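In case you want the letters, here they are:
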Amino acid sequence: MAKAQPPLQLVLDEITECARASEAFGKVADYIPELAGVNPGQFAIAIARPGHPTLVAGDSDVPFSIQSVSKVFMLALALGKLGDQLWSRVGREPSGQSFDSMLLLELEKGYPRNPFINAGAIVTTDAVLQGSSPRETLGSLLRFIRAAAGDETIHINDRVAQSEIATGHRNFALAHYLRSHDNLKNPPELTLGTYFHQCAVEMTCTQLANAGLFLVGGSRTPRLVSEARIRRINALMMTCGHYDGSGDYAFRVGLPGKSGVGGGILSIVPGVASIAVWSPGLNHYGNSKLGTEAMEQLTTRTGWSVFGPHMTKGG
């Protein structure tokens, strides 16, 4: 007889206890001044399932900068606006390089490998920005995220955005290089101002888990994009969502996921759940160290993996 799985809340509490006992937090993203002072010892995890209360543990109501996790929501907007035309400007392949690398962008003449590395995300934001003002574009992004999360309080932290504008020299270099190959249609300063504010969206772990429900699929989740686009976004999260650590995350966790240097990770169990985890200390890939370890523990204990023979829905 198969051993019964413990209730999910107990699993979350035990994972949180384990994370808080660790002293190997990783390193916060101190190259962004507003993030440099964040306490690396914080940890939160939340699971949102269609038709169930959201389960949380740890510092689940502490807001944090979602950074590159925002690229998932902007990609959904871009696909809604441009459809498959977006792929003429950005690819769908893993880069094998760090998130802000210029190497492949130069070799491939201004065509970014995917929409989750910085160059590809800048192109994606630029595509949504075309024909709109930055205020209108950011308003559309916030409306989308708020509708996904069912929470009108989600906002942009302007201090974080200004901090990134003041120090984002490599992103400016990427944008100007894209512009030199005619793969940036708006002035670099306009696109990057929008992009930095996009990355400065601030959410709690609970809000982020709820916002990810639109990617779970099924009849009881927010219908903000088509089922076909849900599959495509999840596929890109699996292959590209953790930059040059995407293969390692797939190997250890086995779920589509998107990380951000603010320490957040959004992962999707297709048809089952949206999971958010946050711990601001990063590993050498630039992904949350304790967050990745927690996700590995969670999927090991629940059997949630797109590579397994089956997935249980947990308790």
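Q: I'd like to hear about the overall build of the chain, residue by residue, with values.
A: A count of helices and strands for the chain gives 13 helices and eight strands. The C-alpha radius of gyration computed for the chain amounts to 18 Å, which stays within 12% of the reference 20 Å derived for 315 residues, consistent with globular compactness. Principal axes of the C-alpha set define a box for the chain whose edges measure 65 × 40 × 40 Å. Summarising the internal contacts of the chain: among those between residues at least 6 apart in sequence, 69% fall at separations of at least 24. Surface accessibility of the chain: about 12700 Å² in total, with carbon and sulfur atoms responsible for 54%. Within the chain, the 27 negative side-chain charges are centred at a point lying 7 Å from the centre of the 27 positive side-chain charges.

Q: Account for unusual backbone geometry, with residues named and values stated.
A: The phi dihedral of Q67 falls on the positive side, at around 50°, and the residue is not glycine. Tracing the backbone shows Q67 in the loop between β3 (64–65) and α3 (70–82). Of note, Y243 is a non-glycine position whose phi angle comes to about 55°, a positive value. Relative to the helices and strands, Y243 resides in the loop between α11 (227–240) and α12 (246–252).

Q: Could you give me a rundown of the sheet that holds β3, with the residues and numbers involved?
A: Taken in spatial order, the three strands line up as β3-β5-β4 in an open sheet, and their pairing is antiparallel. The sheet is open, and its two edges are formed by β3 and β4 (155–156), each paired on a single side. Relative to strand β5 (residues 201–203), β3 runs antiparallel, the two sharing two bridges. Bridge pairing in β5 places S65 opposite E202.

Q: Go over the packing of aromatic side chains, please, and point to the residues and values.
A: If you walk through the whole model with that rule in mind, you get seven aromatic pairs. Seen in terms of ring centroids, F144 and F214 are 5.2 Å apart; in terms of plane orientation they differ by 85°. Their pairing is edge-to-face. In this pair, F144 sits in helix α6 (residues 134–149) while F214 sits in the loop between α10 (205–211) and α11, placing the two residues 70 residues apart along the sequence. The exposure class assigned to F214 is buried, which follows from its relative accessible area of 0%. Residues F172 and F196 carry aromatic rings whose centres are separated by 6.0 Å and whose planes lie at 55° to one another, so their mutual orientation is tilted. Residue F172 is found in helix α8 (residues 169–180), and its partner F196 is found in helix α9 (residues 188–199); the two are separated by 24 residues along the sequence. By way of ring pairs, the aromatic residues F73, F144 and F214 are connected into one cluster. One residue, K258, lies across the ring of F116, its end atom 5.7 Å from the ring centre.

Q: Give me the side chain of H242: which residues, what numbers.
A: Here H242 lies in the loop between α11 and α12. By relative accessible area, H242 is classed as buried at 1%. Excluding anything up to four places from it in sequence, H242 contacts Y249, G257, K258, S259, I265 and N287.

Calculation rules
Residues numbered from 1 in each chain as written. Predicted model: local features only at pLDDT ≥ 70, side-chain atom pairs only at ≥ 80, totals over all residues. Heavy atoms only, no water. Helix = DSSP H or I, 4+ residues; strand = E, 2+ residues; numbered from the N terminus. Rg over C-alpha atoms; globule rule 2.2 N^0.38 Å. Contact = heavy atoms within 4.5 Å. Areas by Shrake-Rupley, 256 points an atom, 1.4 Å probe, with all protein chains shown as cover. Lys, Arg positive; Asp, Glu negative; His and termini not counted. Charge placed at Lys NZ, Arg CZ, Asp CG, Glu CD. Pairing = 2+ DSSP bridges. Phe/Tyr/Trp six-rings, centres within 6.5 Å; stacked < 30°, edge-to-face > 60°. Buried < 20%, exposed > 50% of the residue type's maximum accessible area, 1.4 Å probe, protein only. Lys NZ or Arg CZ within 6 Å of the ring centre and 35° of its normal.

By themselves, these observations are geometric and do not establish any function.
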